[in-house]
Protein chains: 2
Amino acid sequence: MNKPKTHRPLLEDVAGNGLLHRRLFLTSSVAMAGAAGLQLMTARPAAAAIPPEIPEWMRVPGAGMSGYGERSAHEDYVQRSFASRPGTIGSGSSRTPHELLEGIITPSALHFERHHNGIPDIDPSRHRLMIHGLVARPLMFDLESLSRYPLVSQIQFLECSGNSGANNAPEPPQLSAGGIHGLLSCSDWTGVPLSVLLDEAGVQPEARWIVAEGADAAAMSRSVPMAKALDDALIAIYQNGERLRPGNGYPMRLFLPGYEGNMSVKWLRRIEVTAGPMMTKDETSKYTDLLPDGRAMQFTFSMGVKSVITSPSGGLEMQRPGLYQISGIAWSGAGRIRRVEVSADGGQSWAEAALTDPVLPKSQTRFRMPWRWNGGPAVLQSRAIDETGAAQPTRSALLGERGAAYGYHHNAIQSWLVSAEGTVSNVYA
Amino acid sequence: MNKPKTHRPLLEDVAGNGLLHRRLFLTSSVAMAGAAGLQLMTARPAAAAIPPEIPEWMRVPGAGMSGYGERSAHEDYVQRSFASRPGTIGSGSSRTPHELLEGIITPSALHFERHHNGIPDIDPSRHRLMIHGLVARPLMFDLESLSRYPLVSQIQFLECSGNSGANNAPEPPQLSAGGIHGLLSCSDWTGVPLSVLLDEAGVQPEARWIVAEGADAAAMSRSVPMAKALDDALIAIYQNGERLRPGNGYPMRLFLPGYEGNMSVKWLRRIEVTAGPMMTKDETSKYTDLLPDGRAMQFTFSMGVKSVITSPSGGLEMQRPGLYQISGIAWSGAGRIRRVEVSADGGQSWAEAALTDPVLPKSQTRFRMPWRWNGGPAVLQSRAIDETGAAQPTRSALLGERGAAYGYHHNAIQSWLVSAEGTVSNVYA
């Protein structure tokens, strides 16, 4: 005899303040939840005999074909927020509006950007990449010759080391999920393994580092350990199927999976193989971590394990009490996400969220969790754990350990306060 | 004692006419291959002391930040090819230029489109979706109420049933990979499981089908078996992170993974739950398969297992003999790709290609294979096998079985002829 099916356990709280079991949305029990008064149902009843009226756009032929499509004008509000730094033309950053996006791929037009002297307008037929220094055979590549090499593809995130630094401020900034955490994006990158090119150039035994230089007006330069260069580093030439966008290094960039974004040098023109790090301006005057005793840590490459709830999140509004799906993204520079836990009571209790396939190493992972909002105040949090066992710290633990001057690599748990009125705001909890 | 490493087996043919072991490009033996005279190396030697000259775009600050980015003007040549059908405004199709793309994600601006009466200009705030017919509770949704439901994400292909039909012609059409097979694309789709909405509406016991209707001027309509509607069907509202593009059904479309593309009805406005198929104009006057005896098969939903080499492919040119990477895509409406085999001698011998992670069900899978072109003529082919064990047929086997009038669901092996001059053309082999 088959066991009778019951959905009841899925409708019971698995953690405080209304968190329900992650399997709820994986079964047909959602409708049952609605029948049980959980008010997922937001559809209006319809009169069975009356289909929706024929709108005017069905009465005339629509637009024809095009070579390269555009989004609807009604979506123009979906924009990266951006700020320019005073004093240097083209210096600043733009942020991915995660609160308006879904899935794991970031559209290339909305990928975050961080430039130190603007986006160069490069003629790809005249761009060159040189590999030189401690090598047997210095080499020069153009885009055509580089494209002839074997390619690999990797769906992976890129994150600026300054991402989420807004939450270092003493008072929580009232920004959106993208406004705080939008220096993070994820693409399907395709390029040539750097190891292949270094092998061809013939790396000399004393070589331990490379220095990568960009063809922008800032000649952005970073030192990279040889171990990373020979591991999973790419010279990326495609992003989400098509060639890189100018804001992401067209026609070629270094791509270092899981490492802080500025090291994935855009508009790559030169790789010098060296015995030690170069101590460039971009790794001494910035991108170091100031400690409480006044010293600075250098070369903190890997981005920590992290997550953020994107819906609901700062600036969005809840409409009425009932059943909601919490949705967010998790990522780690160390590998795959193993688990994401969610709290609706400010971290007093936690329950495991559902991870959406595919869960890839050093990639964005989408997590989702059912939540019954009872209409009272709630503090929503997510906590990611990666395959190495590393877990996201609380903000107070992170700042307590590092001190307030440590601006980069902020990977603390984000807390969103849902008020009784349904507004959502940033809160330190 | 450790076994001494040797790369020699990787440099020996694994199948006729120069196919090398798929692991060649997964190891550092590429450089060794170059040293062995395989001429992968396309870089020029560089004078060690002379970095590339400073181009003019490094001498001035570049462009600043933007809300929504664009591709480089140098990439404007990457376009969908498109054709309009005479007689009906907005009817026709545009094709993804696969020979110019890499990875598995298709940029939304280059996703294929097939319209029967153009792209409607829909105001999302006024669009409605009705579910009615054999249900307990007819329901009406707008985009806002639908977006409140639990979402799922799936990286999956969409293919028009007419894709590759050009190869039914008696003489091989001289088109690119995209020109022949470009009614295929792959996106990260996010939407509401249709099963959840049907559960909420309360499907009556006698219901066996649904009929989906679009809000275009053609009111494109298709019947779908209830089993598929309750399995993995979505009402998709996001594509590659952002909202659907107008050409792909903005603000909502049906998405039926693995089924012929026209059934994933765009601009979805109505789902009627029925006892049988509706026999709409779109499933009687077209999208049926004409058999040799004059009868037509209806409702051949699932897209067969298939693959195509995109590089090298029709219209591209080989530059000189040496080591190449063959790259292509494989997909199946029945599930995951298990294996792709490649031949360089017109199907006399085959060797297994490397599959690039992730290999997802009903998704594009990228395969790659090292090949030493000796400068003589070669016929390149790929043959995909999916997890059900189904394998791509040859063109002669497919046409022999179906007859020449059977235009849809053409999944035969594609053959590319590489001439001694390095030109690549479509050939029936």
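Note: the structure precedes this text.
Here is a short report on the structure shown in this document. One numbering rule holds for all chains: residues counted from 1, following each sequence as written. Each chain takes a letter, starting from A, and each ligand takes a number, starting from 1, following the order in which they are written. In keeping with the predicted nature of the model, local features appear solely for residues at pLDDT of at least 70, side-chain atom pairs appear and are counted solely at 80 or more, and the whole-chain, interface and lining totals rest on all residues. Side-chain figures throughout are based on the complete set of non-hydrogen atoms in the structure, without hydrogens or water.

**As for the sheet that holds strand E22 (residues 351-352) of chain A**
Residues and elements named next belong to chain A. Put simply, the rule reads: Any two strands with at least two DSSP bridges between them are considered paired. Helix numbers and strand numbers start at the N terminus; a helix is a DSSP run of H or I with at least 4 residues, a strand a run of E with at least 2.
As summarised here, the arrangement of the 5 strands in space is E22-E21-E25-E26-E27, forming an open sheet in which the pairing is antiparallel. Unpaired on one side and paired on the other, E22 and strand E27 (424-427) mark the two borders of the sheet. Where strand E21 (residues 337-343) meets strand E25 (residues 378-386), 6 bridges bridge the pair, whose relative direction is antiparallel. Bridge assignment links arginine 339 to a residue of E25, and that residue is isoleucine 385.

**Quick look at the sheet that holds strand E7 (residues 129-133) of chain B**
For the record, the criterion: Here a residue-residue contact requires only that any non-hydrogen atoms of the pair lie within 4.5 Å. A fitted line through C-alpha atoms represents every axis, and for helices the fit uses only the stretch in contact; the resulting angles, taken between N-to-C directions, go from 0 to 180 degrees.
Pairing in this open sheet of 6 strands is mixed, and the strands run E3(A)-E8(B)-E7(B)-E16(B)-E11(B)-E12(B) from one edge to the other. Two strands bound the open sheet, and with one partner strand each, they are strand E3 (44-45) of chain A together with strand E12 (221-225) of chain B. Relative to strand E16 (residues 268-274) of chain B, strand E11 (residues 209-214) of chain B runs antiparallel, the two sharing 6 bridges. For alanine 212 of chain B, the partnering residue across the bridge sits in E16 of chain B and is isoleucine 271 of chain B. Its contacts with the sheet place helix H4 (residues 194-201) of chain B against E7, strand E8 (139-141), E11 and E16 of chain B, and it is angled at close to 140° to E8 of chain B.

**A short note on the interface of chain A and chain B**
This is how the line gets drawn: Two parts placed together each lose some accessible area; with a 1.4 Å probe, that loss summed over both constitutes the buried area. Basic side-chain nitrogens of Lys or Arg form a salt bridge, by our definition, when they fall within 4 Å of a carboxyl oxygen of Asp or Glu. Under the rule applied, a polar contact is a pair of N or O atoms within 3.5 Å (in protein, one hydrogen donor and one hydrogen acceptor; residues adjacent in sequence only if both atoms are side-chain atoms). Any residue outside Ala, Val, Leu, Ile, Met, Phe, Trp, Tyr, Cys, Pro, Asp, Glu, Lys and Arg is labelled polar, Gly included; the first ten of those are nonpolar and the last four are charged.
At the interface, 119 residues of chain A touch 119 residues of chain B. Both faces combined, the contact of chain A with chain B buries some 10000 Å², and carbon together with sulfur accounts for 59% of it. By the criterion of area lost to chain B, the three top residues of chain A are Trp57, Met65 and Arg148 of chain A, representing 10% of everything that side buries. Summed over the shared surface of chain A and chain B, the number is 2 salt bridges. Between arginine 126 of chain A and glutamate 56 of chain B there is a salt bridge, with its nearest N and O atoms 2.8 Å apart. Our count for the chain A to chain B interface comes out at 36 residue pairs in polar contact (both at pLDDT 80 or more). Take the side of chain A that touches chain B: its biggest share by element is 4 residues, from strand E20 (residues 322-331) of chain A. Residues belonging to the side of chain A that touches chain B are distributed by class as follows: 58 nonpolar, 34 polar and 27 charged. Note: E3 of chain A against E8 of chain B, 2 bridges, orientation antiparallel. Following the sheet pairing, proline 45 of chain A is matched in E8 of chain B by leucine 139 of chain B.

**Description of the side chain of lysine 306 of chain A**
Residues and elements named next belong to chain A. Within the secondary structure, lysine 306 is located in strand E19 (residues 306-311). One polar contact links lysine 306 to glutamate 159, side chain to side chain, over a distance of 2.7 Å. At 2.6 Å, the side chain of lysine 306 and the side chain of serine 164 are in polar contact. Those residues within four positions of lysine 306 in sequence are excluded, and the remaining contacts are Glu159, Asn163, Ser164, His181, Ile329, Ala330, Trp331, Ala384, Gln392, His410 and Asn411.

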